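Report on the structure
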Amino acid sequence: AQSVAQPEDQVNVAEGNPLTVKCTYSVSGNPYLFWYVQYPNRGLQFLLKYITGDNLVKGSYGFEAEFNKSQTSFHLKKPSALVSDSALYFCAVRDTGGYNKLIFGAGTRLAVHP
Amino acid sequence: SQTIHQWPATLVQPVGSPLSLECTVEGTSNPNLYWYRQAAGRGLQLLFYSVGIGQISSEVPQNLSASRPQDRQFILSSKKLLLSDSGFYLCAWRTADTQYFGPGTRLTVL
């Protein structure tokens with residue numbers, strides 16, 4: 001069965017420190033992977049995606065993600081966290097069943113402390 | 001550029017009342033459209049998707065229905081709301097490989 005796991009319910013980081021939000025996936029074939037961010041009472045904003053090519057993908061607001069096929073992971077990273085990065089982060093994988101449906105992880109709440 | 005609108009932004013409805021939430025997309029034609037529900041500020045559940053006018057696929061049997069009367073309009077409805085219908089409803093559209101989300105509607109059923 002296809003699935004996405006975000007093993008951390010919450011991640012706490014001090015401002016200026018690097019951050020990592022973890023994501024692992026299970027899907028047949030080559031995965032299409034996505035990261036979205038959600039601020040309170042707002043819709044999801046697209047951050048970045050991996051379709052093919054370089055394993056390190058750069059996205060919006062200084063975020064990047066590393067695709068690791070052997071570990072079936074797609075961790076979100078940022079070299080230096082900002083307080084304004086505090087939000088809910090979702091990892092998603094495209095459903096191979098068609099129509100570009102997405103399977104989302106449960107979300108990870110990132111808290112960046114001053 | 002493309003934009004996606006949802007209204008209303010917030011809605012408080014009594015149990016047993018009808019529901020109509022609207023989503024419209026601008027700047028594109030024949031988009032794939034999706035309705036999601038987010039409960040308790042966490043996981044997203046895909047409710048419906050549509051690949052064209054009048055074409056609706058349901059992911060989860062429930063108290064809701066969807067319609068697509070026009071190319072860029074997607075409507076979520078219910079004849080009688082339940083308490084469990086409360087949540088944050090998100091509409092999304094797809095271009096190439098990526099889905100983009102609207103601002104959402106917060107529905108509270110009392």
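Described in the following lines is the structure provided in the data block. (Residues numbered from 1 in each chain as written. Chains lettered and ligands numbered in written order. Predicted model: local features only at pLDDT ≥ 70, side-chain atom pairs only at ≥ 80, totals over all residues. Heavy atoms only, no water.)

**Some remarks on the side chain of D85 of chain A**
Residue and element names in this part refer to chain A. In this structure, D85 sits in the loop between β9 (73-78) and β10 (87-94). A relative accessible area of 4% means that D85 is categorised as buried. The contact partners of D85, leaving out residues within four places of it in the chain, are L19, F63, K78, S80, L110 and V112. (Helix = DSSP H or I, 4+ residues; strand = E, 2+ residues; numbered from the N terminus. Buried < 20%, exposed > 50% of the residue type's maximum accessible area, 1.4 Å probe, protein only. Contact = heavy atoms within 4.5 Å.)

**Notes on the pairing of strand β6 (residues 55-58) of chain B**
Both faces of the sheet carry side chains from a regular strand, because those side chains alternate between them. Residue and element names in this part refer to chain B. Where strand β5 (residues 44-52) meets β6, 3 bridges bridge the pair, whose relative direction is antiparallel. Opposite G52, over in β6, you have Q55 as the bridge partner. Between β5 and β6, which pair antiparallel and follow one another directly, the connecting turn spans 2 residues, one of which, G54, has a positive phi of 75°. (Pairing = 2+ DSSP bridges.)

**Structural notes on the environment of R68 of chain B**
All names here are of chain B. Take R68: it is sitting in strand β7 (residues 65-70). For the pair R68 and P8, spaced 60 residues apart in sequence, the C-alpha separation works out to 17 Å. Apart from the residues lying within four places of it in its own chain, the contact partners of R68 are N30, P31, L33, S50, V51, G52, I53, G54, I56, Q73 and F74. In this structure the side chain of R68 is engaged in a polar contact, spanning 2.7 Å, whose partner is the backbone oxygen of P31. In terms of polar contacts, R68 uses its side chain to reach the backbone carbonyl oxygen of D71, at 2.6 Å. (Polar contact = N/O pair within 3.5 Å; in protein donor to acceptor, adjacent residues only side chain to side chain.)

**Structural notes on the interface of chain A and chain B**
Counting residues at the interface gives 24 residues for chain A, matched by 24 residues for chain B. Buried surface at the junction of chain A and chain B, both sides included, amounts to about 1,900 Å², of which 51% is carbon and sulfur. A per-residue breakdown of the area chain A buries against chain B is headed by Y99, N100 and K101 of chain A, which together make up 27% of the total. Across the contact surface, chain A and chain B share 2 salt bridges. Between E59 of chain B and K101 of chain A there is a salt bridge, and its shortest N-O distance comes to 3.2 Å. At the level of secondary structure, the elements contributing two or more residues to the side of chain A that touches chain B comprise β5 (33-38), β6 (44-50), β10, β11 (102-104) and β12 (108-113) of chain A. Tallied by class, residues from the side of chain A that touches chain B come to 12 nonpolar, 6 polar and 6 charged. (Buried area = accessible area lost by both parts, 1.4 Å probe. Salt bridge = Lys/Arg side-chain N within 4 Å of Asp/Glu carboxyl O. Nonpolar A, V, L, I, M, F, W, Y, C, P; charged D, E, K, R; others polar.)

**Remarks on the pairing of β10 of chain A**
All names here are of chain A. Among the 8 residues of β10, 7 are classified as buried, and the element is accordingly described as predominantly covered. Inspection of the sheet shows β5 paired to β10 by 6 bridges, in the antiparallel sense. Considered in β10, the bridge of Y36 is made with F90. Summarising the sheet, β10 and β12 pair through 3 bridges and their orientation is antiparallel. Each bridged residue has a counterpart across the sheet, and for L88 the counterpart in β12 is R109. Pairing of β10 with β11 involves 3 bridges; the strand directions are antiparallel.

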